[in-house]
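Here is what each chain is made of, one letter per residue.
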Amino acid sequence: QVQLVESGGGLVQAGGSLRLSCATTGLTFSTYVMGWFRQAPGKEREFVAAVRRGGGQTYYADSVKGRFTISRDNAKNTVYLQMNSLKPEDTAVYSCAARLSISLADRPDGYNFWGQGTQVTVSS
């Protein structure tokens, strides 16, 4: 059974930091591109970041570039999202996703498996 479980969300003040984790089971983790998406109330799901299976190449949405860092630990089957300099606009449910491909993707339809998400709330 494939399972992706996010953790690390919470409430933080603007300018603060959070580190999200996504632990996976049931898939050959190292063969998947991993991505992070977010969705705020009333908005479409938005691409945040993606990392290739080896961890050497990353891709970020312009809105988070320079503030967020995606990384992965293939030995632990886990992908991370380090979020710094958080803004109220970053408030959303953040979801981890796995893509069975070697190429990066920034569309939700490009991913095969999804976690349930973790809430991130940034206060002013």
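Please refer to the structure placed before this passage.
Residues numbered from 1 in each chain as written. Predicted model: local features only at pLDDT ≥ 70, side-chain atom pairs only at ≥ 80, totals over all residues. Heavy atoms only, no water.

Engineer: I tried to follow the overall build of the chain on my own but got confused; where do I start?
Structural biologist: Of regular secondary structure, the chain possesses zero helices and eleven strands. Reading the secondary structure of the chain in the N-to-C direction produces β-β-β-β-β-β-β-β-β-β-β. Expressed as a percentage of its 124 residues, the buried residues of the chain come to 42%. With the model as given, the accessible surface of the chain reaches about 6,400 Å², and the carbon-plus-sulfur share is 44%. Distance between charge centres in the chain, computed from 13 positive and 9 negative side chains, equals 6 Å. (Helix = DSSP H or I, 4+ residues; strand = E, 2+ residues; numbered from the N terminus. Buried < 20%, exposed > 50% of the residue type's maximum accessible area, 1.4 Å probe, protein only. Areas by Shrake-Rupley, 256 points an atom, 1.4 Å probe, with all protein chains shown as cover. Lys, Arg positive; Asp, Glu negative; His and termini not counted. Charge placed at Lys NZ, Arg CZ, Asp CG, Glu CD.)

Engineer: Sorry if this is basic, but what is going on with the pairing of strand β4 (residues 33-39) here?
Structural biologist: Within a regular strand, the side chains alternate between the two sheet faces. Among the seven residues that make up β4, six are buried, leaving the element largely enclosed by the rest of the structure. Bridge count between β4 and strand β9 (residues 92-99): seven bridges; the pairing is antiparallel. The partner of Gln39 across the bridge, within β9, is Val93. The sheet contact formed by β4 and strand β5 (residues 46-51) spans five bridges and is antiparallel. Looking across to β5, one finds that Arg38 is bridged to Glu46. In sequence, β4 turns back onto β5 through a hairpin of six residues, with Gly42 there showing a positive phi of about 80°. (Pairing = 2+ DSSP bridges.)

Engineer: Sorry, what's going on with the packing of aromatic side chains here?
Structural biologist: The geometry of an aromatic ring pair comes down to the distance between the two centres and the angle between the two planes. This model, assessed by the stated rule, comprises six aromatic pairs. The cationic tip of Arg45 hangs over the ring face of Trp114; the distance from NZ or CZ to the ring centre is 4.4 Å. Sitting above the plane of the Phe29 ring, Arg72 keeps its charged end 4.4 Å from the centroid. (Phe/Tyr/Trp six-rings, centres within 6.5 Å; stacked < 30°, edge-to-face > 60°. Lys NZ or Arg CZ within 6 Å of the ring centre and 35° of its normal.)

Engineer: Even after reading the chapter, I still don't get the sheet that holds strand β3 (residues 18-25), so can you show me in this structure?
Structural biologist: The strands making up a sheet associate through hydrogen bonds between their backbones, and the pairing can be parallel or antiparallel. Spatial strand order, β1-β3-β8-β7: four strands in an open sheet with antiparallel pairing. The strands lining the two open edges of the sheet, one partner per strand, are β1 (3-7) and β7 (68-73). Neighbouring strand axes in the sheet, compared pairwise and without regard to direction, differ in orientation by 15° on average. Two elements, β3 and strand β8 (residues 78-83), share six bridges in a ladder whose sense is antiparallel. (Axes fitted to C-alpha atoms, helices over the stretch in contact; angles between N-to-C directions.)

Engineer: I tried to follow the pattern of salt bridges on my own but got confused; where do I start?
Structural biologist: A side chain of one charge can pair with a side chain of the opposite charge if their charged atoms are brought near each other. Evaluation of the coordinates by the stated rule reveals four salt bridges. Between Glu46 and Arg38 there is a salt bridge; the shortest N-O distance is 2.9 Å. Residue class for Glu46 comes out partly exposed when judged on its relative accessible area of 32%. Looking at Arg38, the relative accessible area reads 6%, which means it is buried. The partner of Lys65 in a salt bridge is Asp62, with the nearest N and O atoms 3.4 Å apart. In this structure, a network of salt bridges that share partners links the residues Arg38, Glu46, Arg67 and Asp90. (Salt bridge = Lys/Arg side-chain N within 4 Å of Asp/Glu carboxyl O.)

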